[in-house]
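Structural overview for review
Take a look at the letters that make up each chain.
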Amino acid sequence: FDVVSDFFSFSGKNSDIPVTNPLLRAYSQRFDEYSSSPSFTNRFAYALSHGKYLVRAEVVYDGKTAFSRFMERLTRTETSFRFTPLIRQTTNEKGYAIYTDRQAFDLCTDKSSSDSVAIMMTFQDIAMIFLREDNNLVLNPYGPKPLLIRSDYLNVLINSASYRSEFSPDEDIEKGVL
């Protein structure tokens, strides 16, 4: 019996940090145990597609990092974001990290870029940006329990009738664009 709440409490100076996706976090921690259950996988798919996530991105201004822009004191504000995939050493598989909450996001060990920011994205935003090239997603790659979500599963999810009826505008469905 598991209890899932909106807050994950722990001792320390930042107690009661709100969890963005408490249900998805709980499902991901039990995925190996229950993934053969159709009702579990349906609830997991629902939680995944309705979630909001933190994504690490590097801010780029006019092709330059924020630090070099700051040093040059440029005033133009054309901004873009660069997302760097994680690569599994053993298989050379690529996946983009998404985080269910700030606590999981803060476990990221790659803090090499001072231009790195946390961006809140919906699953639909993530699907449009990352899934066009059959990329995998890695849910909470640095813990508490990482979960690789393969592109074939994600493509089945975003092309399902229920997902498309809820999240895709009619004209996109007719054009076959997602």
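Quantities reported herein were computed from a predicted structural model and do not represent experimental measurements. (Residues numbered from 1 in each chain as written. Predicted model: local features only at pLDDT ≥ 70, side-chain atom pairs only at ≥ 80, totals over all residues. Heavy atoms only, no water.)

**Details of the overall build of the protein**
- Tallying secondary structure elements over the protein gives 9 helices and 10 strands in all.
- Each of the 178 residues in the protein was classed as buried or not, and the buried ones make up 34%.
- Across the protein, contacts joining residues at least 24 apart in sequence account for 60% of those joining residues at least 6 apart.
- A total of about 10,900 Å² of accessible surface is found on the protein, and carbon and sulfur atoms cover 53% of it. (Helix = DSSP H or I, 4+ residues; strand = E, 2+ residues; numbered from the N terminus. Buried < 20%, exposed > 50% of the residue type's maximum accessible area, 1.4 Å probe, protein only. Contact = heavy atoms within 4.5 Å. Areas by Shrake-Rupley, 256 points an atom, 1.4 Å probe, with all protein chains shown as cover.)

**Points about the environment of Lys-94**
- Within the secondary structure, Lys-94 is located in strand 7 (residues 94-98).
- Sequence separation between Lys-94 and Thr-84 is 10 residues; the distance between their C-alpha atoms is 9.7 Å.

**As for the packing of helix 3 (residues 38-49) against helix 7 (residues 151-158)**
- Close contact between helix 3 and helix 7 brings their axes to 11 Å; oriented N to C, the two are set at 80°. Looking at the two axes, helix 3 sits roughly perpendicular to helix 7. Contacts between helix 3 and helix 7 pair Thr-41, Phe-44, Ala-45, Leu-48 and Ser-49 from the former with Tyr-153, Leu-154 and Leu-157 from the latter.
- Of the residues that constitute the contact of helix 3 with helix 7, the class distribution is 6 nonpolar, 2 polar and no charged. (Axes fitted to C-alpha atoms, helices over the stretch in contact; angles between N-to-C directions. Parallel < 35°, antiparallel > 145°, perpendicular 65-115°, else oblique. Nonpolar A, V, L, I, M, F, W, Y, C, P; charged D, E, K, R; others polar.)

**Let's talk about the confidence of the model for the protein**
- Taken over all residues, the pLDDT of the protein has a mean of 77, while the share at 70 or more is 69%.
- The secondary-structure element of the protein with the lowest mean pLDDT is strand 1 (residues 7-8), recorded at 46, while helix 3 shows the highest, at 95.
- Note that pLDDT drops below 50 for residues 5-15; the model gives that stretch 17 contacts with residues more than four away or on any other chain.
- Low pLDDT, under 50, characterises residues 173-178; the predicted model gives this stretch 10 contacts beyond four residues in sequence or across chains. (pLDDT = per-residue confidence, 0-100.)

**Digging into the sheet that holds strand 9 (residues 136-139)**
- Within the open sheet, the 4 strands sit side by side as 6-7-9-10. Their pairing is mixed. The open sheet has two edge strands with one neighbour each: strand 6 (86-87) and strand 10 (147-149).
- In this structure, strand 9 lies alongside strand 10, joined through 3 bridges in antiparallel fashion. In the sheet register, Val-138 faces strand 10, and the bridge partner there is Leu-148. (Pairing = 2+ DSSP bridges.)

**Overview of the nonpolar core**
- By size, the foremost hydrophobic cluster in this structure holds 28 residues, and its most contacted members are Phe-44, Leu-48, Tyr-53, Phe-123, Ile-126, Leu-137 and Ile-149.
- Among the elements that take part in this core, helix 3 stands out by supplying 5 residues, more than any other.
- Residues within four places of Leu-137 in sequence aside, it is in contact with Tyr-96, Ile-98, Phe-123, Ile-126, Phe-130, Leu-131, Leu-147, Leu-148, Ile-149 and Leu-154.
- In terms of nonpolar packing, the next biggest core, distinct from the first, is built from 6 residues, Leu-54, Ala-104, Phe-105 and Cys-108 among them. (Core = buried A, V, L, I, M, F, W, Y, C linked by side-chain atoms within 4.5 Å.)

**Quick word on the environment of Phe-40**
- Relative to the assigned elements, Phe-40 resides in helix 3.
- We classify Phe-40 as buried; its relative accessible area is 6%.
- C-alpha separation for the pair Phe-40 and Tyr-27, spaced 13 residues apart in sequence, amounts to 8.2 Å.
- Sequence-distant contacts of Phe-40, that is, excluding residues within four places in its chain, are made with Tyr-27, Arg-30, Phe-31, Tyr-34 and Ser-35.

**Some words on the packing of aromatic side chains**
- Overall, the coordinates contain 10 aromatic pairs when judged by the stated rule.
- Where Phe-31 meets Phe-40, the ring centres are 6.1 Å apart and the plane angle is 55°; that geometry is what we call tilted.
- For the pair Phe-83 and Phe-130, a centre-to-centre distance of 5.0 Å together with 85° between the ring planes defines the contact as edge-to-face. With Phe-83 in the loop between strand 5 (79-82) and strand 6 and Phe-130 in helix 6 (residues 123-130), the pair connects residues that are 47 residues apart, well separated along the chain.
- These aromatic residues form a ring-pair network of at least three members: Tyr-27, Phe-31, Tyr-34, Phe-40, Phe-44 and Tyr-153. (Phe/Tyr/Trp six-rings, centres within 6.5 Å; stacked < 30°, edge-to-face > 60°.)

**A look at the side chain of Ser-49**
- Structurally, the position occupied by Ser-49 is in helix 3.
- We classify Ser-49 as buried; its relative accessible area is 5%.
- There is a polar contact of 3.2 Å between the side chain of Ser-49 and the side chain of His-50. (Polar contact = N/O pair within 3.5 Å; in protein donor to acceptor, adjacent residues only side chain to side chain.)

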